[in-house]
Amino acid sequence: MTEPVLYDVQSGVATITLNRPDVLNALSPAMLTPLRQHIEQAAADPAIRALILTGAGRGFCAGADLAARGPDDGRPRRVDELLRERYHPIIMGLRQMPKPVISAVNGVAAGAGMSLALAADIVLASDQASFLQAFARIGLIPDAGSTWLLDRYAGSMRARALAMLAEKIPAEQACEFGLVWRVYPADDLLAEATRLATQMATMPTLAYAGIKQALDSATTNDLAAQLEVEARLQQQASQTADHREGVAAFLAKRPAVFRGQ
Ligand code: T3D
């Protein structure tokens with residue numbers, strides 16, 4: 001049987017590929033468990049220093065699999081439990097991963113699929129990709145972090161318009177809106193994502209973990225609290241072998257060799 005989520009490791013980079021191309025990698029219940037497990041595996045493995053998330057075929061991820069729901073038995077679906085138990089650990093796993101996460105958005109990213117794409121640290125997209133807050137089209141609100149991520153990256157007016165109008169926007173427009181870092185020709189996307197992830201896997205991984213934590217806390221902190229967060233995280237970074245190596249390499253006018261320690 002074909003695995004619904006693929007996991008591959010090369011040169012310190014793990015690649016997770018959503019693999020149900022016939023339905024644009026819509027998230028079935030059977031996908032959520034291996035997706036979470038692979039994210040946790042990448043987080044825990046010290047040999048992995050960067051993660052790529054992408055999709056097989058012409059889609060990145062069409063969100064929750066709307067065909068995988070059981071028959072309507074008249075009782076209310078407990079979507080809150082589904083989200084808390086199955087989706088939130090995936091989104092938090094990506095956000096809190098102590099190493100960089102790159103999403104390589106190869107095609108449409110809709111609903112919770114768009115949330116997944118935006119949960120990465122760096123979002124790269126193919127010129128064939130598109131982004132759709134599909135939720136309102138089916139009478140739902142954005143979930144899996146989309147309200148938080150959209151408001152933060154695109155700003156309040158764009159977040160509201162994207163969520164309420166549910167218009168599909170092309171990758172170039174998502175890039176103008178601050179939702180995407182760079183757009184590449186479709187044939188180059190995975191190679192570019194792999195090149196960037198491989199480069200980032202040679203960088204000071206612990207400093208990256210600190211950068212992620214600091215920027216995420218900046219959302220809710222006032223300046224005084226954020227200065228304190230920076231001081232605490234900088235203290236940790238300053239004690240790493242990679243910091244010592246960075247300074248030594250600078251003074252010796254040679255390239256630094258970071259080991260993620
Ligand atoms: O209630 C809960 O479970 C809570 C969690 C909610 C989280 C969510 O993500 S809610 C949002 C769910 N997603 C959507 O509403 C998006 C639905 N899909 C679309 O609107 C369109 O498929 C796209 C705009 C994404 C792409 O359109 P297009 O024209 O490029 O492709 P298509 O022909 O619509 O789709 C291709 C196939 O994928 C098609 O199957 P078929 O006809 O070839 O057998 C289509 O049914 C299937 N597919 C696409 N999205 C889903 C899906 N099948 C199941 N679930 C999907 N989400």
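Let me sum up the structure you'll find in this document. (Residues numbered from 1 in each chain as written. Predicted model: local features only at pLDDT ≥ 70, side-chain atom pairs only at ≥ 80, totals over all residues. Heavy atoms only, no water.)

### Brief notes about a negative patch on the surface
Stated precisely, the cut-off is as follows: What makes a patch is a set of residues exposed beyond 30% relative accessible area and free of salt bridges, joined within 9 Å when like-charged and within 5 Å when nonpolar (Val, Leu, Ile, Met, Phe, Trp, Tyr). The Shrake-Rupley method, run with a 1.4 Å probe sphere, supplies the accessible areas, and residue values consider only the shown protein chains as cover. The working definition used for a salt bridge is a side-chain nitrogen of Lys or Arg within 4 Å of a carboxyl oxygen of Asp or Glu. Residues counted as positive are Lys and Arg, residues counted as negative are Asp and Glu, and His and the chain ends are not counted. Charge placement uses NZ in Lys and CZ in Arg. For Asp and Glu, CG and CD serve respectively. Strands are runs of DSSP state E lasting at least two residues, helices are runs of H or I lasting at least four, and both sets are numbered from the N terminus onward.
A cluster of acidic side chains, namely D127, E172, E176, D187 and D188, defines a negative patch on the protein surface. Checked against the element boundaries, E176 lands in helix α6 (residues 171-176).

### Focus: the pairing of strand β5 (residues 101-105)
The test is simple: Accessibility here uses a 1.4 Å probe with only protein chains present; expressed as a share of the type maximum, an area under 20% marks a residue as buried, one over 50% as exposed, and anything in between as partly exposed. When DSSP finds at least two bridges between two strands, those strands are taken to pair.
Of all five residues making up β5, five are buried, and the element is well covered by its neighbours. Taking every second residue as pointing to the same face, both faces of β5 are buried, with V101, S103 and V105 on one and I102 and A104 on the other. Of the pairings in the sheet, the one linking strand β3 (residues 50-55) to β5 comprises four bridges and is parallel in character. In the strand pairing of β5, I52 is matched with I102. Where β5 lies against strand β7 (residues 122-126), four bridges are found, and the strand directions are parallel. Across the sheet, S103 pairs through a bridge with V123, a residue of β7.

### Comments concerning the layout of surface pockets
We count it as follows: Using protein atoms alone on a 1 Å grid, points that fit a 1.4 Å probe yet trap it form a cavity, whereas open point sets bounded by protein on both sides within 12 Å along at least five of seven lines form a pocket; residues with an atom within 4 Å of a point count as lining. Grid points are joined across faces, edges and corners, and a volume is the space filled by probe spheres set on the points. Note on residue categories: nonpolar means Ala, Val, Leu, Ile, Met, Phe, Trp, Tyr, Cys or Pro, charged means Asp, Glu, Lys or Arg, and polar means any other residue, Gly included.
Size it by volume and the largest pocket reaches roughly 760 Å³. What lines the largest pocket is a set of 36 residues, and nearest its centre among them are A64, D65, R69, R77 and L82. Per-element accounting of the lining of the largest pocket gives the leading share, seven residues, to helix α2 (residues 79-95). Class assignment for the residues of the lining of the largest pocket results in 20 nonpolar, four polar and twelve charged.

### Digging into the site of the ligand
Short version of the rule: The near set for a molecule or strand comprises every residue that places at least one heavy atom within 4 Å of it. Any N or O atom pair separated by 3.5 Å or less is treated as a polar contact, with the protein-specific requirement of one donor-capable and one acceptor-capable atom, and with residues adjacent in sequence counted only for side-chain atom pairs.
Taken together, 23 residues form the shell around the ligand, and within it A62, A64, L66, R69 and A112 come nearest. Between A64 and the ligand, the recorded distance is 2.9 Å, taken from a backbone N or O atom to a nitrogen atom. A distance of 2.6 Å separates an oxygen atom of the ligand from a polar atom in the side chain of R69. Its free accessible area being 1,100 Å², the ligand has 67% of it covered by the protein chains. Taken together, the elements giving at least two residues each to the shell around the ligand come down to α2 and β6 (108-110). Residues that form the shell around the ligand fall into these classes: 15 nonpolar, two polar and six charged.

### Observations regarding the pattern of salt bridges
The tally for this structure, following the rule as stated, stands at eleven salt bridges. For R84, the salt bridge goes to D80, with nearest N and O atoms at 3.5 Å. A residue pair is termed a helical-turn pair when its members lie 3 or 4 positions apart in one helix, as R84 and D80 do in helix α2 at four residues. Here D80 falls in the partly exposed class, since its relative accessible area comes to 28%. Where K212 meets D121, a salt bridge forms, and the shortest distance between an N and an O atom there is 2.8 Å. Here the residue K212 occupies a position in helix α8 (residues 205-217), and D121 occupies one in the loop between α3 (112-118) and β7, the gap between them amounting to 91 residues.

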